[in-house]
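# What the coordinates show
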Amino acid sequence: MIELVPLLMFAAVCGLLMFGYPVAFTLAGTALITAGLGIVYGAFDAELLRAFPDRLYGIMQNGTLVAVPLFVLMGVILERAKIAEDLLVNLTKVFMGAPAGMAISVVVVGALLAASTGIVGATVVTMGLMSLPTMLKQGYSPKLATGTICATGTLGQIIPPSIALVLLGDTLSNAYQQAQLSAGVFNPKPVSVGDLFIGAIIPGMLLVAAYILYLLLVARHPSTKTPATEQVSLEVWPLLSSLFPPIALMLLVLGSIIAGAATPTEAAAVGALGAALLAYRRGALHRAQAGEVGRSTLQISAMVFAILIGASLFSLVFRGYGGEELVTSIFHNLPGGVVGATLLVMLVIFLLGFILDFIEITFVVVPIVGPVLLAMGLDPVWLGIMIAINLQTSFLTPPFGFALFYLRGVAPSSVATSAIYRGVMPFIAIQLLILCLLALWPALVTWLPGVVQQ
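Residues numbered from 1 in each chain as written. Predicted model: local features only at pLDDT ≥ 70, side-chain atom pairs only at ≥ 80, totals over all residues. Heavy atoms only, no water.

The helix and strand tally for the chain stands at 21 helices and zero strands. Within the chain, buried positions represent 54% of all 454 residues. Considering only intrachain contacts with a sequence separation of at least 6, the fraction spanning at least 24 residues in the chain is 81%. Accessible surface, the chain as shown: approximately 19,400 Å² in total, 69% of it carbon and sulfur. (Helix = DSSP H or I, 4+ residues; strand = E, 2+ residues; numbered from the N terminus. Buried < 20%, exposed > 50% of the residue type's maximum accessible area, 1.4 Å probe, protein only. Contact = heavy atoms within 4.5 Å. Areas by Shrake-Rupley, 256 points an atom, 1.4 Å probe, with all protein chains shown as cover.)

Structure below.
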């Protein structure tokens, strides 16, 4: 019975979260209660809890995680400065002559916004408020309009610089080192957040290209309600003035990481400063606005680190009950070896994405399964990108996809929830197709990091 305690802990956390309890306190509370009962009945060594302060100190000393509040600050500033609104207006004029021109504009602006905020909820809500009423007014079907917005909003999971990739990179780096220790080897250059950023470039571009291709094909189908093509006058200067600054900032942040000129944390600091200068130039960073930006950044960052602390305690107790050995035994006994184990993990993460946010999955699930999979020979960069796209897909999948709830909250009452559900189905199929392509051709992920490292 004691051998099943780790699985019971995991099931208890999932159950409590479905009742709406706060994630950080659920993780920590479940761990403490389980450890307390184990100490009373002699099934858990209380000395193991002495390692928890060292783990907290390790979190405080982790320079990579400093990038999280800085990237959050960068995204919140760009969102509050309404830079994305100018991008959408001007890019709509560029693509208005093409079939489904505004939908394509939404994809492009959503990708740029995802690269700046990295927060799915913020991107979906922002794009929903800005573009959904206009798309409906122009004659787009509610199904196509809502599906496009939800799908592009989730691009923040995979397009760098992404907060999800920052957290995954740090977690996988620890898992990779643990896997090497268990195998008796040591790699002086473990996986880094920068490696994940570089590895995500091609998959991110493939997703954006696949979305646009789908919209072009759908717009030509007679059964799909899309507006007719329309020519409008295009003013070059407003387009360049709205397009160049945010793109230049994103290229500066990502380019400095790829070139090795800056760590992700340093690049995040440059991005936050650049976003503040852009907002100040637009007159959108007065004192009251700066206070709102600071509070929003503090709330999001505090949530992330509170969950990380709770997950650290949970994983400590989980391992104290032999959970790591249990997972290793299960994976090694699965049919299909590493392929079967990877498929099982991908399926579990996909299902957990219905009820858990990517932060909880990154901090709770990845530290448990990551060392085992990496010890079986998987590339850590490839595994990280596969997990990121998998989580992105779970954000869209009815009935519990978070992106669907975000858009439902800002969509007009005339848009049926069933239309939102049906609208995301083709985009889910596209993401699963990209996931299969990455599984069949891992070089789509690993090639570019290998070239940059040479």
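Don't stop here, the text continues.
With that out of the way, let us pick up the pattern of salt bridges. Inspection of the entire model under this criterion finds one salt bridge. The salt bridge involving Glu-47 is made with Arg-50; its shortest N-O contact spans 2.8 Å. (Salt bridge = Lys/Arg side-chain N within 4 Å of Asp/Glu carboxyl O.)

Scanning the model with the defined rule gives five aromatic pairs in all. Consider the rings of Phe-44 and Tyr-321, whose centres lie 5.1 Å apart with planes at 35°: the pair is tilted. Linking Phe-44 in the loop between helix 2 (23–40) and helix 3 (52–61) with Tyr-321 in the loop between helix 14 (287–320) and helix 15 (323–332), this pair joins segments that are 277 residues apart in sequence. Given the relative accessible area of 6%, Phe-44 is considered buried. (Phe/Tyr/Trp six-rings, centres within 6.5 Å; stacked < 30°, edge-to-face > 60°.)

With that settled, the discussion passes to the confidence of the model for the chain. Of the residues in the chain, 88% reach a pLDDT of 70 or more, and the chain-wide mean stands at 81. Ranking the elements of the chain by mean pLDDT puts helix 5 (residues 83–95) last with 68 and helix 20 (residues 417–440) first with 91. (pLDDT = per-residue confidence, 0-100.)

Before going further, it helps to spend a moment on the side chain of Thr-34. Mapped onto the elements of the fold, Thr-34 is located in helix 2. Among the residues examined, Thr-34 registers a relative accessible area of 16% and is labelled buried. Not counting chain neighbours up to four residues away, the residues in contact with Thr-34 comprise Val-5, Met-9 and Tyr-321.

What follows is about helix 18 (residues 380–394). For helix 18, which comprises 15 residues, the first-to-last C-alpha distance of 21 Å matches the rise-based estimate of 21 Å (1.5 Å per residue) to within 8%. Burial analysis of helix 18 places 15 of its 15 residues in the buried class, the great majority of the element. Of the residues that open helix 18, the one with a side-chain oxygen 2.9 Å from the backbone nitrogen of Val-381 is Asp-379. (Expected span 1.5 Å × (residues − 1). Polar contact = N/O pair within 3.5 Å; in protein donor to acceptor, adjacent residues only side chain to side chain.)

Taken as a whole, this structure holds four cavities of 30 Å³ or more when the rule is applied. Its volume calculated, the second largest cavity comes out at about 40 Å³. Among the elements of the structure, helix 1 (5–18) and helix 17 (358–375) are those that each provide at least two residues to the lining of the second largest cavity. When residues of the lining of the second largest cavity are assigned to their parent elements, the largest contribution, four residues, is made by helix 1. (1 Å grid on protein atoms, 1.4 Å probe; cavity = no way out; pocket = protein on both sides within 12 Å on 5 of 7 lines; lining within 4 Å. Points joined across faces, edges and corners; volume = space filled by probe spheres on them.)

This next bit is on the nonpolar core. By size, the foremost hydrophobic cluster in this structure holds 150 residues, and its most contacted members are Phe-71, Leu-155, Ile-158, Leu-167, Phe-314, Leu-383 and Ile-385. A per-element tally of this core places helix 17 first, with 12 residues. Filtering out sequence-adjacent residues up to four positions away, Leu-155 remains in contact with Val-107, Ala-111, Ala-114, Leu-207, Val-208, Tyr-211 and Gln-392. (Core = buried A, V, L, I, M, F, W, Y, C linked by side-chain atoms within 4.5 Å.)

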